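# Summary of the model geometry
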2 protein chains.
Amino acid sequence: MLAMAFTTTADVEDHAPASAHNVAVERDLLGERLGRGAIRTLEAKEHLFCEGDVASHVYRVEVGHICIYRMMPDGRRQVVDFAYPGDMIGLGALGDHADSAQAMERTIVRTMPIATLRELAQSDTRLGLKLYEALSRELMAARELLFTVSQRTAAERVAAFLLALCRRSERRGEAANEIVLPMTRMDIADFLGLTIETVSRTLTKLRHDGVIDLEQCILVTILKPEALAQLAQGGGEGRHRN
Amino acid sequence: MLAMAFTTTADVEDHAPASAHNVAVERDLLGERLGRGAIRTLEAKEHLFCEGDVASHVYRVEVGHICIYRMMPDGRRQVVDFAYPGDMIGLGALGDHADSAQAMERTIVRTMPIATLRELAQSDTRLGLKLYEALSRELMAARELLFTVSQRTAAERVAAFLLALCRRSERRGEAANEIVLPMTRMDIADFLGLTIETVSRTLTKLRHDGVIDLEQCILVTILKPEALAQLAQGGGEGRHRN
DNA sequence: CGAAAGATTGAATTTGGTCAAAACAAGTGG
DNA sequence: CCACTTGTTTTGACCAAATTCAATCTTTCG
């Protein structure tokens, strides 16, 4: 269950074992149909949809990365999820979108009308179940994030974040200890409920402690995975245990 | 959408207009079957299920209140939801429970095996859709809470919490400005990511400011709903707007 | 009633935020 | 190729909000 941490924007395909390649076998109806779906290309910073828009489609990221977030009138922002290639977006939307989705770089998505999705789900109960499970996984991820943000210290949050990215890499069969951050410090900060300064400081501290290496501020090398894992738990003496 | 704040543990019935009474008309299949389902009574502090248990049933609270939470090994706790009469519990569970459900007082629930739920959902596609929507609403609630905990100050969190309870009362046709807190300060604290002391202090401050009244520390009277709403937004000059 | 659990209040401490400046990186145009 | 601009990241000094620790007060319940 812990392995699920942050594993949000559930891919509807079964969670692939490490052996599966990026080009997953599209054996189910949804995958097939999406494969034939319209393609849309987004420039960096372009929005796929915004808070309040009518939820007309679901999407699957093909290339690039998308940041999903919500804003408060006064400018405070909560990043809810980062969608990687293979991830579905917009599954949970009912009526209007409750959040915005913005490309973090040039990004390609496949699109599919919600109406079509509904039809498919009706004709194939197994698909309906899959969707349900995908949503359920999103819920769990959201709660995991809630937990992290609510209960952990800054250091623990950053550690947990890095670990989650590691696991994501592993799951898609990439190098597990070298991760490229497609998001800015600002995105990380708004995801973890911190400021950019704190994120930066924390990363620097991890570097000085020899836990990670940071060359271009976009490339993180995990030197001591155990230390990181330890930190992500209450290992560094966390906070109020009441 | 904002009105959804904290409206978690979605009731599967349509969101009833304010006129609807507690004894909602059970027109759909699920309601009927649950109405005929087995009853289980829990004493205060008794668990309905625990983290890691196999998810065998879904439940609907009939009388009393249930607290849903997750724990870290070191004792830190995150309350994820409070379930009121009419609320469903366990909808999102896949395989094992990711959280624990504990009665906050003597509580009665109706139970229904997940297998039965699956069958029902297969025979009635509309029910499947309803379940999906219920889960989706839970997801939104989780994200709303995430937002609150992550971005708001202590005062704002408590204000938002009280307001959410107000709305809940309203929705079930109860007095909107007198709310009884079925949960302890500890529960509130673990829900909002604060300490009991901070919760207590914040409530005291609200009382001194004449925004609420607090007689038995369990009964909150909202004296200035607008002020509370204002606070819940960034009205009291919130935090880092970057 | 009296014990135990829960809630409040106060004082000291700490974490993380704010503000401000400097360092870097990437891209543009001369 | 270099100066120049712009945007992001890092670093430091200071400050405020929330936690910790500790003591007291209330409520609940046997």
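Here's a quick rundown of the structure.

With that settled, consider the overall build of chain A. Looking only at helices and strands, chain A features seven helices and eleven strands. Here chain A holds 242 residues, and the buried ones make up 55% of them. Sequence-distant contacts in chain A: of pairs separated by 6 or more residues, those separated by 24 or more amount to 74%. Summed over its atoms, the accessible surface of chain A is roughly 10,200 Å², and 54% of this surface lies on carbon and sulfur atoms.

The next subject is the sheet that holds strand S5 (residues 77-83) of chain A. Residue and element names in this part refer to chain A. Taken in spatial order, the four strands line up as S2-S7-S4-S5 in an open sheet, and their pairing is antiparallel. Each having just a single partner strand, strand S2 (47-49) and S5 make up the two edges of the open sheet. Sheet twist, expressed as the mean angle between neighbouring strand axes with direction ignored, is 30°. In the packing of helix H5 (residues 185-192) onto the sheet, contacts are made with strand S4 (66-71) and S5, and the angle to S5 comes to roughly 110°.

What follows concerns the packing of aromatic side chains. Scanning the entire structure with this criterion turns up eight aromatic pairs over all chains. Three or more aromatic residues joined by ring pairs make a cluster, and in this case those are A:Phe82, A:Phe161 and A:Phe191. Over the ring of B:Phe147 we find A:Arg70; its NZ or CZ atom is 5.6 Å from the centre of that ring.

All right, on to the relation of the copies chain A and chain B then. Under the fitted operation, chain A is carried onto chain B by 0.0 Å of movement along the axis and a turn of 180°, and the coordinates agree to an RMSD of 0.1 Å. The superposition of one copy onto the other is thereby described by a two-fold rotation axis. A share of 98% of interface residues in chain A that are also interface residues in chain B marks the association as one of identical surfaces.

Pairing between side chains becomes possible if they bear opposite charge and their charged atoms approach one another. Residues and elements named next belong to chain B. Applying the stated rule across the entire model yields 24 salt bridges over all chains. The shortest N-O distance in the salt bridge between Glu-43 and Arg-106 comes to 3.0 Å. In this pair, Glu-43 is assigned in the loop between strand S1 (38-42) and strand S2 (47-49) and Arg-106 in the loop between strand S7 (100-103) and strand S8 (107-113), connecting sequence segments 63 residues apart. Classification of Arg-106 as exposed rests on a relative accessible area of 54%. Ionic pairing is found between Arg-168 and Asp-87, a salt bridge with its closest N-O pair at 2.9 Å. Of this pair, Arg-168 sits in helix H4 (residues 154-171) while Asp-87 sits in the loop between strand S5 (77-83) and strand S6 (88-89), and the two are 81 residues apart along the sequence.

Each partner contributes to the interface: chain A provides 53 residues, whereas chain B provides 52 residues. Between chain A and chain B, roughly 5,000 Å² of surface is buried when both sides are summed, and carbon and sulfur atoms account for 61% of that area. A per-residue breakdown of the area chain A buries against chain B is headed by A:Arg76, A:Tyr132 and A:Arg143, which together make up 16% of the total. Taken together, chain A and chain B are joined by eight salt bridges. Residue B:Arg70 is joined to A:Glu144 by a salt bridge in which the shortest nitrogen-to-oxygen separation is 3.0 Å. Those elements giving two or more residues to the side of chain A that touches chain B turn out to be S4, S5, helix H2 (114-123), helix H3 (125-151) and H5 of chain A. At 19 residues, H3(A) tops the list of elements feeding residues into the side of chain A that touches chain B.

This paragraph deals with the packing of helix H5 (residues 185-192) of chain B against helix H6 (residues 196-208) of chain B. A pair of packed helices is captured by two measures, namely the crossing angle of their axes and the spacing between those axes. Residues and elements named next belong to chain B. Following both chains from N to C, one finds H5 and H6 inclined at 100°, their axes separated by 8 Å at the closest point. Judged by the inter-axis angle, H5 sits roughly perpendicular to H6. On the side of H5, the interface is formed by Arg-185, Met-186, Ile-188 and Ala-189, while H6 contributes Ile-196, Val-199 and Leu-203. Its residues placed into classes, the contact of H5 with H6 shows six nonpolar, no polar and one charged.

The next subject is unusual backbone geometry. Most peptide bonds adopt trans geometry, and most residues besides glycine take a negative phi value. Backbone geometry at A:Cys217 places phi at a positive 60°, although glycine is not the residue there. Judged by relative accessible area, which is 47%, A:Cys217 ranks as partly exposed.

Across the interface, H3(A) lies against helix H3 (residues 125-151) of chain B with an axial gap of 9 Å and an inter-helix angle of 15°. Viewed along their axes, H3(A) and H3(B) adopt a mutual orientation that is roughly parallel. Considering how the two elements wind past one another, H3(A) and H3(B) form a crossing that is left-handed. In this structure, H3(A) uses A:Leu131, A:Tyr132, A:Leu135, A:Ser136, A:Glu138, A:Leu139, A:Ala142, A:Arg143, A:Leu145, A:Leu146, A:Val149 and A:Ser150 to contact H3(B), whose residues at the interface are B:Leu131, B:Tyr132, B:Leu135, B:Ser136, B:Glu138, B:Leu139, B:Ala142, B:Arg143, B:Leu145, B:Leu146, B:Val149 and B:Ser150. Per-class residue counts for the contact of H3(A) with H3(B) are 16 nonpolar, four polar and four charged.

So, about the sheet that holds strand S10 (residues 212-214) of chain B. Residues and elements named next belong to chain B. Here we have three strands laid out as an open sheet, ordered S9-S11-S10, and antiparallel in their pairing. Looking along the sheet, the strands with just one partner apiece sit at the ends: strand S9 (178-180) and S10. On average, each strand axis in the sheet is tilted by 20° relative to the strand beside it, whichever way the strands run. By the bridge criterion, three bridges tie S9 to strand S11 (residues 219-222) in an arrangement that is antiparallel. Note on S11: the bridge partner recorded for Val-180 is Leu-219. Packing of H4 onto the sheet brings it into contact with S9, S10 and S11, and relative to S9 it is tilted by some 100°.

Cut-off values and rules
Residues numbered from 1 in each chain as written. Chains lettered and ligands numbered in written order. Predicted model: local features only at pLDDT ≥ 70, side-chain atom pairs only at ≥ 80, totals over all residues. Heavy atoms only, no water. Helix = DSSP H or I, 4+ residues; strand = E, 2+ residues; numbered from the N terminus. Buried < 20%, exposed > 50% of the residue type's maximum accessible area, 1.4 Å probe, protein only. Contact = heavy atoms within 4.5 Å. Areas by Shrake-Rupley, 256 points an atom, 1.4 Å probe, with all protein chains shown as cover. Pairing = 2+ DSSP bridges. Axes fitted to C-alpha atoms, helices over the stretch in contact; angles between N-to-C directions. Phe/Tyr/Trp six-rings, centres within 6.5 Å; stacked < 30°, edge-to-face > 60°. Lys NZ or Arg CZ within 6 Å of the ring centre and 35° of its normal. Least-squares fit on C-alpha atoms with pLDDT ≥ 70 in both. Salt bridge = Lys/Arg side-chain N within 4 Å of Asp/Glu carboxyl O. Buried area = accessible area lost by both parts, 1.4 Å probe. Parallel < 35°, antiparallel > 145°, perpendicular 65-115°, else oblique. Nonpolar A, V, L, I, M, F, W, Y, C, P; charged D, E, K, R; others polar. Left-handed = near helix turned anticlockwise from the far one by under 90°.

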